[in-house]
Amino acid sequence: MNYSVIALDLDGTLLNSKKEISKRNKETIMKAAKAGAKIVLASGRPVPGVRKIAQALHLEEVGGYMLAYNGGMIMDCKTGEVLRRETVPTEFYHTIVHIAHKYGVTPLTYDSEGIITDNADHEYVQLEAKINNIPVKEVFHLNEVAALDPPVKFLMVGDHKVLRQAEAELNEKLKGEVEVFFSEPFFLEITPRGIEKASSLELLLSSIGMERKHLMACGDGFNDIPMMRYAGLAVAMENAQDETKEWADYIAPLNDKDGVAVAIEKFVLT
């Protein structure tokens with residue numbers, strides 16, 4: 001088995017456009033895991049959202065890892081051990097929430113169960129909850145509640161043009177102490193400095209005694225480029241961003257055409 005660690009982005013890669021794991025993808029991943037491959041779910045999603053996919057793949061039984069929040073947290077699915085947890089520094093929470101309110105966009109973050117926010121009915125808060133299949137809890141002082149259990153990521157949601165203004169002020173006020181980037185035009189992410197999928201995969205591989213040449217990484221988005229550059233084999237879905245495809249060693253079929261299964265069958269199970 002040339003590639004014995006398989007890092008899979010979720011949305012647009014492992015999951016189809018209905019946000020489901022196809023029967024073929026599931027069966028192929030299970031087959032690879034039983035053959036000894038380490039499965040890593042590498043996503044910008046929060047832990048509760050990644051955990052539901054891990055459970056659907058029975059990774060708590062066959063073994064595997066959750067790399068959530070774009071790499072801010074790594075968890076062993078079988079043992080529950082947390083291998084990495086980087087949090088947004090608490091001294092920035094007031095500024096993040098204040099800037100969101102100043103521009104009329106909605107801030108949210110996560111606790112162990114789901115989303116916490118001060119505007120639960122916002123359409124994009126509800127969309128984030130639906131994507132991850134997790135609950136939303138409304139709180140009054142988001143910065144204070146979040147500080148009780150410091151989170152790995154904040155999100156601002158709203159109109160893209162307004163979020164761009166908030167982005168500029170965040171960068172000005174926080175001076176590069178956090179990462180500020182768009183995962184969708186309506187999702188502005190705020191994560192600890194230096195967090196991305198490649199550095200987390202490097203840490204994980206080191207902890208399990210594997211080398212990057214053993215890693216196959218599959219993705220479709222801009223935030224997948226670092227791990228694709230790092231991996232021994234980079235696989236982009238046919239539906240991937242053009243820039244993401246430029247870093248691919250292999251273009252797999254669409255996420256709606258079992259692209260992940262095709263790549264695993266071609267490079268892992270041969």
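The preceding data block contains the structure.
Residues numbered from 1 in each chain as written. Predicted model: local features only at pLDDT ≥ 70, side-chain atom pairs only at ≥ 80, totals over all residues. Heavy atoms only, no water.

## Let's talk about the sheet that holds strand β1 (residues 5-8)
Convention followed: Strand pairing follows a simple DSSP-based rule, namely that at least 2 bridges must link the two strands. Helix numbers and strand numbers start at the N terminus; a helix is a DSSP run of H or I with at least 4 residues, a strand a run of E with at least 2. Fitting a line to C-alpha atoms yields each axis, with helices limited to the stretch in contact; the angle taken between N-to-C directions then spans 0 to 180 degrees. Residues are treated as being in contact if the distance between any of their heavy atoms lies within 4.5 Å.
Strand order in the open sheet formed by 8 strands is β5-β4-β3-β2-β1-β12-β13-β14, and the pairing between neighbours is mixed. Edge positions in the open sheet fall to β5 (82-85) and β14 (250-252), since each of these has one partner strand only. Averaged over all neighbouring strand pairs, the angle between strand axes comes to 20°, with direction disregarded. In this structure, strand β4 (residues 73-76) lies alongside β5, joined through 3 bridges in antiparallel fashion. Following the sheet pairing, Met75 is matched in β5 by Val82. Packed on one face of the sheet, helix α8 (residues 197-208) meets β1, β2 (38-42), β3 (65-68), β4, β5 and β12 (215-219) and runs near 150° to β5.

## Topic: the packing of aromatic side chains
Worth spelling out the cut-off: Pairing of aromatic rings covers Phe, Tyr and Trp, the last through its six-membered ring, and needs centres within 6.5 Å; plane angles under 30 degrees mean stacked, over 60 mean edge-to-face, and all others mean tilted. Burial classification: accessible surface area is computed with a 1.4 Å probe over protein chains only, and a residue below 20% of its type maximum counts as buried, one above 50% as exposed, and the rest as partly exposed.
For the structure on display, the rule yields 5 aromatic pairs. Where Phe186 meets Phe187, the ring centres are 4.8 Å apart and the plane angle is 80°; that geometry is what we call edge-to-face. Judged by its relative accessible area of 4%, Phe187 falls in the buried class.

## A closer look at the environment of Glu196
Formally: Contacts described as polar in this section are N or O atom pairs within 3.5 Å, which, within protein, must combine one atom able to donate a hydrogen with one able to accept it, while residues neighboring in sequence count only if both atoms come from side chains.
Locating Glu196 in the fold gives a position in the loop between β11 (187-192) and α8. With a relative accessible area of 23%, Glu196 lands in the partly exposed category. Remark: the alpha-carbon pair of Glu196 and Asn70, spanning 126 residues in sequence, is separated by 5.5 Å. In this structure Glu196 touches Asn70, Gly71 and Pro226, once residues within four positions along its chain are discounted. Among the polar contacts made by the side chain of Glu196, one reaches the main-chain amide nitrogen of Ala198 at a distance of 2.7 Å.

## Here's the deal with the pairing of β4
Side chains Met73 and Met75 of β4 all project onto a buried face; the interleaved residues Ile74 and Asp76 project onto the opposite face, where all are buried too. Of the pairings in the sheet, the one linking β3 to β4 comprises 4 bridges and is antiparallel in character. Within β4, the position partnered with Tyr65 by the bridge is Asp76. What sits between the antiparallel neighbours β4 and β5 is a turn of 5 residues, in which Gly80 has the positive phi angle 80°.

## Things to note about the pairing of strand β13 (residues 233-237)
Note the following rule: Viewed with both strands pointing away, a crossover whose connecting path from the first strand over the helix to the second turns clockwise is right-handed.
Of all 5 residues in β13, 5 are buried, a share of seventy percent or more. The alternating pattern of β13 places Leu233, Val235 and Met237 on one face and Ala234 and Ala236 on the opposite face, and all of these are buried. Of the strand pairs in this sheet, β12 and β13 are connected by 4 bridges, and their pairing is parallel. If you follow Met216 over to β13, its bridge partner there is Leu233. In this fold, β12 hands off to helix α9 (residues 225-230), which returns the chain to β13; that crossover is right-handed. Where β13 meets β14, 3 bridges bridge the pair, whose relative direction is parallel. In the strand pairing of β14, Ala236 is matched with Ile251.

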